[in-house]
Amino acid sequence: MRHTAVMTYRAVFLAALLASPLAAQTCTEDAMIVFDGSGSMAEVGFNLFNEPRIFEARRAVGSIIPEIADVRRLGLVVYGPGGADGCSGLDLRFGPVENAAPRIIDAVDRLQPEGDTPLTEAVRLAARALNGAGAVVVITDGKETCGGQPCQLATDLGRGVTVHVIGYKVRGDFFDWDTPGETVTVETVARCLADRTGGHYVSTETVDELVAALRQTMGCGLMF
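Numbering of residues starts from 1 in every chain and runs along the sequence as written. Selection of residues for local features in this predicted model requires a pLDDT of at least 70, selection of side-chain atom pairs for listing and counting requires 80 or more, and totals for whole chains, interfaces and linings are taken over all residues. Water and hydrogen atoms play no part in the side-chain values, which are based on all heavy atoms of the structure.

A. View of the overall build of the protein. Numbering of helices and strands runs from the N terminus; a helix is a DSSP stretch of H or I covering at least four residues, while a strand is a stretch of E covering at least two. Scanning the protein from terminus to terminus reveals eight helices and six strands. Reading the helices (α) and strands (β) of the protein from amino to carboxyl end gives α-α-β-α-β-β-α-α-β-α-β-α-β-α. The proportion of buried residues among the 224 residues of the protein is 45%. A contact between two residues is defined here by any heavy atoms of the two lying within 4.5 Å. For the protein, the share of sequence-separated contacts (at least 6 apart) that also reach a separation of at least 24 residues comes to 77%. Every accessible area reported is derived by Shrake-Rupley at a probe size of 1.4 Å, with residue values counting cover from the shown protein chains alone. As presented, the protein carries roughly 11300 Å² of accessible surface, and 53% of it is formed by carbon and sulfur atoms. When accessible area is computed with a 1.4 Å probe and restricted to protein chains, residues below 20% of their type maximum are described as buried, those above 50% as exposed, and intermediate ones as partly exposed.

Next up, the structure:
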């Protein structure tokens, strides 16, 4: 009798979660990842003993994306490498598909960072792949460097697309000689993409923080 009651409680609890707005929002809509492959992702920052950012980002993606890809369709845009010039390296690897984890992990593992940061056009490309509805999650360590206007793009996208921006070890253009042992962090200008579309902006400095940010912006409420 007690076992039956417990099973009934679990069934009711699961049904409530499935019916919740959070579950519907985070588990059913398609998502596009926009991954920063620009040259700065090969840098190690101020501490020369650190790994290049791309190594840490690869570990984070390999850790969390398989869990997320189990519950939602994902696609990938990479910007930075492969262009005829620094700003033309825009690559729509694929639109939202099921079981995308192996393809995303392989693409990030093979990535050799170079080029500049056409962040605005990369987000625009990802939004088009969503056909006007879904989430775009931007993983970037820097700012727009190719003349794009991310804040204007946020207005142009409309209500169907939500943009989340994860700033990973975003740095300023200067070094503070008064405190040479301290890291100078700033917010990426792309934050307005999140602020104006109802998304999240998350600043991260470690692999664990990057994993947590990916959970926050793409994870399903039923998983965690």
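B. Representation of the environment of Arg103 in the model. Its place among the elements puts Arg103 in helix α4 (residues 101-110). For the pair formed by Arg103 and Leu74, sequence separation is 29 residues and the distance between their alpha carbons is 10.0 Å. For Arg103, the residues in contact, after removing those within four places along its chain, are Arg93, Phe94 and Val97.

C. Examining the nonpolar core more closely. Judged by nonpolar contacts, the single largest core of 35 residues is most densely connected at Phe35, Ile65, Leu74, Ile104 and Met218. Of all the elements in the fold, those that place two or more residues in this core are β1 (31-36), α3 (53-69), β2 (74-79), α4, β4 (134-140), β5 (161-168) and α8 (207-218). If we skip the residues at most four places from it in the chain, Ile104 touches Ile33, Val61, Ile65, Leu74, Leu76 and Phe94. Buried residues of nine kinds, namely Ala, Val, Leu, Ile, Met, Phe, Trp, Tyr and Cys, make up a nonpolar core once their side-chain atoms join them within 4.5 Å. Core analysis: the second largest hydrophobic core is formed by 23 residues, Val34, Ala127, Ala129 and Val163 among them.

D. Region of the structure containing the pattern of salt bridges. Here a salt bridge means any side-chain nitrogen of Lys or Arg lying within 4 Å of a carboxyl oxygen belonging to Asp or Glu. For the structure shown, the criterion picks out eleven salt bridges. Arg53 is the partner of Asp141 in a salt bridge, and the nearest nitrogen-oxygen pair spans 2.7 Å. Of this pair, Asp141 sits in the loop between β4 and α6 (150-157) while Arg53 is found in helix α3, placing the two residues 88 residues apart along the sequence. Comparing Asp141 with Arg53, the two get one shared label, buried.

E. Here's a closer look at the state of the cysteines. Two cysteine sulfurs form a disulfide in these notes if their separation is within 2.5 Å. On inspection of all chains with the given rule, the structure shows two disulfides. The disulfide bridge from Cys87 ends at Cys146, spanning 2.1 Å between sulfur atoms. Because the torsion about its S-S bond is -90 degrees, the bridge between Cys87 and Cys146 counts as left-handed. With Cys87 in the loop between β2 and β3 (90-97) and Cys146 in the loop between β4 and α6, this residue pair connects regions lying 59 residues apart in the sequence. Between Cys151 and Cys192 runs a disulfide, and the two sulfur atoms are separated by 2.1 Å. Judged by the sign of its S-S torsion, about -105 degrees, the cystine formed by Cys151 and Cys192 is left-handed. Placement of the pair is Cys151 in helix α6 and Cys192 in helix α7 (residues 191-197), with a sequence separation of 41 residues.

F. Molecular detail of the packing of aromatic side chains. For Phe, Tyr and Trp, where Trp contributes only its six-membered ring, two rings pair if their centres lie within 6.5 Å, and the inter-plane angle classes them as stacked under 30 degrees, edge-to-face over 60, or tilted in between. Taken as a whole and judged by the stated rule, the model has zero aromatic pairs. Sitting over the face of the ring of Phe94, Arg103 holds its NZ or CZ atom 4.0 Å from the ring centroid. Geometrically, a charge over a ring is one whose NZ (Lys) or CZ (Arg) sits within 6 Å of the ring centre while staying within 35 degrees of the ring normal.

G. Spatial organisation of α3. Each helix should span, by expectation, one fewer than its residue count multiplied by 1.5 Å. Under the 1.5 Å per step criterion, the end-to-end length of α3 is 23 Å for 17 residues, consistent within 8% with the ideal 24 Å. For α3, the principal kink sits at Ser63 and spans about 30 degrees; a proline, Pro66, occurs within the next four residues. Taken together, the buried positions of α3 are occupied by Arg53, Ile54, Glu56, Ala57, Arg58, Ala60, Val61, Ile64, Ile65, Ile68 and Ala69. Tucked inside the fold, the buried residues of α3 contact β1, β2, α4, β5 and α8. We define the bend at any residue as the angle between the axes fitted to the seven residues before and including it, ending there, and the seven starting there.

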